[in-house]
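Notes for the structure review
Here is what each chain is made of, one letter per residue.
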Amino acid sequence: MVEQETARILIAGTGPAGLIAALAFADAGFPVQLVGPEASAPDGRTTALMMPALKVLERLGVLQDIKSQAAPLKVMRIVDATGRLIRSPVVTFRASEIGEDQFGLNLPNSVLGPALAGKVAHHGIEWRRSMVKTWQLGPDEAVAVLADGSEVSASLAVAADGRLSPAREAAGVSTTARSYPQAALVLNFGHSREHAFTSTEFHTETGPFTQVPLPGNRSSLVWVVKPDTAEELAALDDAALSQRVERQMQSMLGRVTVEPGRQIYPLSTVTPLRFARQRVALVGEAAHVFPPIGAQGLNLGIRDIDDLVGIASENRSDPGAPEVLAIYDFKRRPDILARSSAVNLLNMSLLSDLLPAQMARGAGLGVLGGFAPLRAFFMREGLRPGSGFAALAGGLRKPARQQ
């Protein structure tokens, strides 16, 4: 039996998705070339990674280095703070309800990024720290011409190069995009009361106000408001902004003290019409961009990577072949479209002044909060797509006294 040759993989993009993709392909035995400069700008954001994503990081040898600087997420709560006529009750999700100790971990990006970069550096992965100037995508290989004049070629190019993705554009993949009249103010803050490893997402008329625990009496915040409001809030002094944050979260965590470092990110949605084409496979924000609701972003990106590596491993000699990319597109499409559609729909329902939209959102959250099997279904689906259906069916078959 002739041993199958393993083709080279080119990863474009050196954010978390690109670094994880490089590690995952190398771990699967592929020769990997990573292209892009190291991150230089400080990133004060945090990323909530759910258990399946954490298991991927554990398999890649990254989790052990970072989990001491992360906070577990054991309870997730949705509070309707819109003040509208139709309001939904508080919905609380507890990991213990589905037999889990925690949903995941909240990690500072300033910890996650360097840990991934360090692991790449010690893994023997060739890292070309230069931008891609142009792409040449042929029938047999993808070639990246770099800004330093050199070229890198591979059977498969993995586009982990962000929401504007030059690799996606070079592959001729069209997108549907929309800008929202919203911006996210991101910061970290200290508080006088313990968070009890609980994340609370307050739904407001301008979008979610989401507090996520960090180690100690600290939390991260993503506050979605109108763009001009985000600028006004960011311009406040520490004392004034601390008071605004404390008031917005109804003093739930006691006295608030915001920490240095505030960032503003405009909100938009981008959905490609295809997720692979012309020897290019899209992962991370090159494959999906949507508002920061429900901790879906990088978790979805890691599922992209995990599926792509699995498919490529079954087609090692030519993982970028059209029929292989068609399998990847087919496998990722339901998950990506379902997650992005749900998040965009919920975000639009918050912005809508139409009574039917408010009633639908309130009724949906009300049923979710009051019906344990359905709540468990959504929690399991949030962690592992497809795992909630069998569990929901089993829960519905139980006698009422056992539920």
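Structural data are supplied above this passage.
In what follows, the accompanying structure is described. If you're wondering where the values come from, they're calculated on a predicted model, not measured in any experiment. (Residues numbered from 1 in each chain as written. Predicted model: local features only at pLDDT ≥ 70, side-chain atom pairs only at ≥ 80, totals over all residues. Heavy atoms only, no water.)

**A few points about the sheet that holds strand 10 (residues 142–146)**
With respect to topology, three strands assemble into an open sheet ordered 9-10-11, the strand pairing being antiparallel. The outermost strands of the open sheet, each flanked by one partner alone, are strand 9 (132–137) and strand 11 (151–154). On average, each strand axis in the sheet is inclined to that of its neighbour by 20°, with strand direction left out of account. One ladder, built from four bridges, connects strand 10 with strand 11; its direction is antiparallel. Counted as the bridge partner of A144 is V152 from strand 11. (Pairing = 2+ DSSP bridges. Helix = DSSP H or I, 4+ residues; strand = E, 2+ residues; numbered from the N terminus. Axes fitted to C-alpha atoms, helices over the stretch in contact; angles between N-to-C directions.)

**Concerning the pattern of salt bridges**
This model, assessed by the stated rule, comprises 15 salt bridges. With its nearest N and O atoms 3.9 Å apart, the salt bridge here joins D65 to K119. Taken together, the positions of D65 in helix 3 (residues 63–66) and K119 in helix 4 (residues 109–121) put the pair 54 residues apart, joining distant regions of the chain. Overall, D65 belongs to the partly exposed group, its relative accessible area being 45%. Judged by relative accessible area, K119 falls into the partly exposed class, the value being 24%. (Salt bridge = Lys/Arg side-chain N within 4 Å of Asp/Glu carboxyl O. Buried < 20%, exposed > 50% of the residue type's maximum accessible area, 1.4 Å probe, protein only.)

**Some thoughts on the sheet that holds strand 4 (residues 71–73)**
One open sheet accounts for three strands, arranged 3-7-4; its pairing is antiparallel. Strand pairing shows two members of the sheet lacking a second neighbour, strand 3 (46–50) and strand 4, which therefore form its edges. Strand after strand, the sheet turns through a mean of 30° between neighbouring axes, direction not considered. Sheet analysis places strand 3 next to strand 7 (residues 104–108), joined by five bridges and oriented antiparallel. Counted as the bridge partner of L49 is L105 from strand 7. Together, strand 3 and strand 7 form the strand contacts of helix 2 (residues 51–59), whose direction differs from that of strand 3 by roughly 95°. (Contact = heavy atoms within 4.5 Å.)

**Looking at the nonpolar core**
In terms of nonpolar packing, the biggest core is built from 76 residues, with I11, F25, V32, L57, I66 and V158 touching the most fellow members. The dominant element in this core, judged by the number of residues it contributes, is helix 1 (residues 16–27), at nine residues. Residues in contact with L57, not counting those within four places in the same chain, are I20, L49, V62, L63, I66, L112 and L116. (Core = buried A, V, L, I, M, F, W, Y, C linked by side-chain atoms within 4.5 Å.)

**Things to note about the packing of helix 1 against helix 8 (residues 297–313)**
Close contact between helix 1 and helix 8 brings their axes to 10 Å; oriented N to C, the two are set at 25°. The pairing of helix 1 with helix 8 is recorded here as roughly parallel in orientation. By crossing handedness, the relation of helix 1 to helix 8 is classed as right-handed. Here P16, A17, I20, A21, A24 and F25 of helix 1 lie close against helix 8, whose contacting residues are L298, I302, I305, L308, V309 and A312. (Parallel < 35°, antiparallel > 145°, perpendicular 65-115°, else oblique. Left-handed = near helix turned anticlockwise from the far one by under 90°.)

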